[in-house]
Amino acid sequence: MNHKTQVLTPNDRNIDYCAELLSRDELVAVPSETVYGLAGNALSESAVEKIFSVKGRPYIDPLISHFADSDSAAKHINAPKILEQLADTFWPGPLTVVVPKRPNFPNIVTAGLDSVAIRVPNNPLFLALLRKLDFPLAAPSANSFSYVSPTCAEHVMSGLGGKITAILDSGPTNFGIESTILDLRAKTEFKILRPGPITPEQISDAIGIPVSEYPSGQSKATRIDAPGMLEKHYSPLTKLSVFVQTDDTLHLEFEPNAAYVFQKRPDMPPANIKAYWLSEDGDLTTVAHNLFALIRKLDQMQLDEIHVELSPYHGIGVAINDRLNRAARKSNSSH
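Quick summary incoming for the structure in this document.

Calculation rules
- Residues numbered from 1 in each chain as written.
- Predicted model: local features only at pLDDT ≥ 70, side-chain atom pairs only at ≥ 80, totals over all residues.
- Heavy atoms only, no water.
- Pairing = 2+ DSSP bridges.
- Helix = DSSP H or I, 4+ residues; strand = E, 2+ residues; numbered from the N terminus.
- Axes fitted to C-alpha atoms, helices over the stretch in contact; angles between N-to-C directions.
- Buried < 20%, exposed > 50% of the residue type's maximum accessible area, 1.4 Å probe, protein only.
- Polar contact = N/O pair within 3.5 Å; in protein donor to acceptor, adjacent residues only side chain to side chain.
- Contact = heavy atoms within 4.5 Å.

The four strands are arranged E12-E15-E13-E14 in an open sheet whose pairing can be described as parallel. The sheet is open, and its two edges are formed by strand E12 (240–243) and strand E14 (274–277), each paired on a single side. Taken over all neighbouring pairs, the strand axes of this sheet differ in orientation by 25 degrees on average, direction set aside. Relative to strand E15 (residues 305–309), strand E13 (residues 258–262) runs parallel, the two being bridged by four bridges. In the sheet register, Ala-258 faces E15, and the bridge partner there is Glu-305.

Okay, here's the thing in structure tokens:
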């Protein structure tokens, strides 16, 4: 699967070109508000097989299918009544819902489940592309499986250049981490399967029904009901570990060839360490936006280890820590 991968600027001509490629079962990397996705026709087994092949993704891990609007999704799913309310509040946006599917969705997209993960992305280029197609787009993160998700076109090119036809470039993504996944299959209990930018509190406020929070100590999924639930994920090649900031943190023995990543700029970082920070003031939205890009940068520096401070467990901090803990588990099991 050798290609000369083209990086395309955002204009109508290139959107039309990407639509043509996708109609021929080619793959195109597309920007969303969360991370860049590797897009293919979700209703074509041939295109979806290419996605799994290019990523090296196991077939047990289902894909999110993206639609231009909730009406476009209706003929492919058995939508619970609550979905209309959620769509009015959060779509387009970084909320994925898991709902019962109809038979026209290929089993390869859903890992053989009778449910499908869907969302309407909030990126003008991605939406313009979807409106030109008569099929949804399966679009997991545009990177090799289990590696750090891409948040700009350069990240996609570094991992998938030569393997896909085109990358539609709209600059860095807004959120920097993947969407929240909400399970709507049960009629009486709605729960978060993957934390993301939209919190359980925001969802509960919107629908007036309690939503089960994602447990902060989650370690291993007993079933793969949705994308992003595998225990090991989002990981650099360099060993990554996490730490909690305390008064004692700055008295630890620091390793000479390791990077130390803080949530906010340290008042006085210890001398002779490689100190980095994800925000100036600890703003969690900024931390999430910068997280994957900084980890990717550090992964190119031939370090022995990357130590990253965990976020407070509230708001989008829950999603940040989910990504970090999964990355650390992969690193710990492979070194």
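Right, let's get into the side chain of Ser-279. Considering the arrangement of structural elements, one finds Ser-279 in the loop between E14 and helix H9 (284–299). Here Ser-279 falls in the buried class, since its relative accessible area comes to 4%. Polar contacts involving the side chain of Ser-279 include one to the main-chain amide nitrogen of Gly-282, which spans 2.7 Å. Those residues in contact with Ser-279 that lie beyond four places of it in its chain are Gln-263, Lys-264, Arg-265, Thr-286 and Val-287.

By the secondary structure assignment, Leu-21 is in helix H1 (residues 12–23). Linking Leu-21 and Gly-40, residues 19 residues apart in sequence, is a C-alpha distance of 9.2 Å. Residue contacts for Leu-21: discarding those within four places in its chain leaves Glu-26, Val-28, Thr-165 and Ala-166.

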